[in-house]
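Report on the structure
Letter by letter, the chains look like this.
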Amino acid sequence: SRPFIVAIDGPAGAGKSTTSRRLAARLGFAMVDTGAIYRTVALAARRAAIAFDDDAALGPLLPALCIRFAPPPGGEGAQRVLLGEEDVSAAIRTPEMSLGASAVSARPVVRAALLDLQRRLATAPGNAGAVLEGRDIGTVVFPDADAKFFLTASPEVRARRRFAELQARGDTTPFEQVLADQLKRDADDSSRAVAPLRPAADARVFDSTALSLDEVVEALAGEVRARVAQGV
Ligand code: C5P
């Protein structure tokens, strides 16, 4: 049987990354940031001068990409994202690559090519379990996930978090722009034909507008432990 799978979906800035990372660390599970994979595809396309909607060129590009995760240096913080041997962790976190990821991720040719990679990373030998975060984990990548969560928060609060993150990295994008980009991305991600952003029917929805991330992690960890104990 495969490892225990936790699916965490939701819109941009809902706190999925931090929550997933802390949850995975607590449970001793692997973590798979699927947004990072779409971001890396966007980066590779940009570098190859391929338009984000050019299916004919994206198709052959995808099998040539080697996208991997590596543990954070010193074991602290977010895992690193590797494209071939290059650490692209910082390069994929720009506002341009956020929109680029959203654009390439609407292409069925891209989504299909990445399905197997996401499933393999989650079920790699040695994984006791895996926490995957994204937009379609509970609906498409692992419809039979053992625990499904959908994290949201008000658009304003989510944009504030993203803005603070960008500022911490020295990015000077103004708040109004961060909010506008986020609203566009949420609208595009929710309205696309393939694997749109929406909660799975059996997902637990958490609104973190009024909750701290600690409280969210606490609630999720409690629920996952209960299910592990039930032997789901
Ligand atoms: O989560 P993150 O902001 O890194 O995701 C970047 C973009 O990648 C999202 O806006 C979405 O368009 C796309 N994505 C997706 N499916 C996933 C994860 C991310 O379509 N499972």
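- In the annotation of an unreviewed UniProt entry, the protein is listed under the name Cytidylate kinase and assigned to Anaeromyxobacter paludicola.
- As its UniProt record puts it under Subcellular location (unreviewed entry), the protein is described as follows: "Cytoplasm".
- Per UniProt, the protein carries the Sequence similarities (unreviewed entry) text "Belongs to the cytidylate kinase family. Type 1 subfamily."

Looking at the overall build of the protein
- The helix and strand inventory of the protein stands at nine helices and eight strands.
- Relative to the compact-globule value of 17 Å for 232 residues, the protein shows a C-alpha radius of gyration of 17 Å, a close match.
- Each principal axis of the C-alpha distribution contributes one length, and for the protein these read about 50 × 40 × 40 Å.
- Sorting the 232 residues of the protein into buried and exposed places 48% on the buried side.
- Long-range pairs, those at least 24 residues apart, make up 75% of the contacts in the protein between residues at least 6 apart in sequence.
- A total accessible area of about 10400 Å² is found for the protein, and carbon and sulfur atoms account for 56% of it.
- A distance of 2 Å separates the average location of the 29 positive side-chain charges in the protein from that of its 29 negative side-chain charges.

Some details on the packing of helix 1 (residues 16-27) against helix 9 (residues 213-230)
- Where helix 1 meets helix 9, the axes come as close as 10 Å, and the angle between the chain directions of the two elements is 45°. The orientation of helix 1 relative to helix 9 falls into the category oblique. With respect to the hand of their crossing, helix 1 and helix 9 are arranged in right-handed fashion. In this structure, helix 1 uses Thr 18, Thr 19, Arg 22, Leu 23, Arg 26 and Leu 27 to contact helix 9, whose residues at the interface are Leu 213, Asp 214, Val 216, Val 217, Glu 218, Leu 220, Ala 221, Val 224 and Arg 225.
- Looking at the contact of helix 1 with helix 9 residue by residue, the classes come out as eight nonpolar, two polar and five charged.

Cut-offs used in this document
- Residues numbered from 1 in each chain as written.
- Predicted model: local features only at pLDDT ≥ 70, side-chain atom pairs only at ≥ 80, totals over all residues.
- Heavy atoms only, no water.
- UniProt positions renumbered as here; feature names shortened; annotations may be inferred.
- Helix = DSSP H or I, 4+ residues; strand = E, 2+ residues; numbered from the N terminus.
- Rg over C-alpha atoms; globule rule 2.2 N^0.38 Å.
- Buried < 20%, exposed > 50% of the residue type's maximum accessible area, 1.4 Å probe, protein only.
- Contact = heavy atoms within 4.5 Å.
- Areas by Shrake-Rupley, 256 points an atom, 1.4 Å probe, with all protein chains shown as cover.
- Lys, Arg positive; Asp, Glu negative; His and termini not counted.
- Charge placed at Lys NZ, Arg CZ, Asp CG, Glu CD.
- Axes fitted to C-alpha atoms, helices over the stretch in contact; angles between N-to-C directions.
- Parallel < 35°, antiparallel > 145°, perpendicular 65-115°, else oblique.
- Left-handed = near helix turned anticlockwise from the far one by under 90°.
- Nonpolar A, V, L, I, M, F, W, Y, C, P; charged D, E, K, R; others polar.

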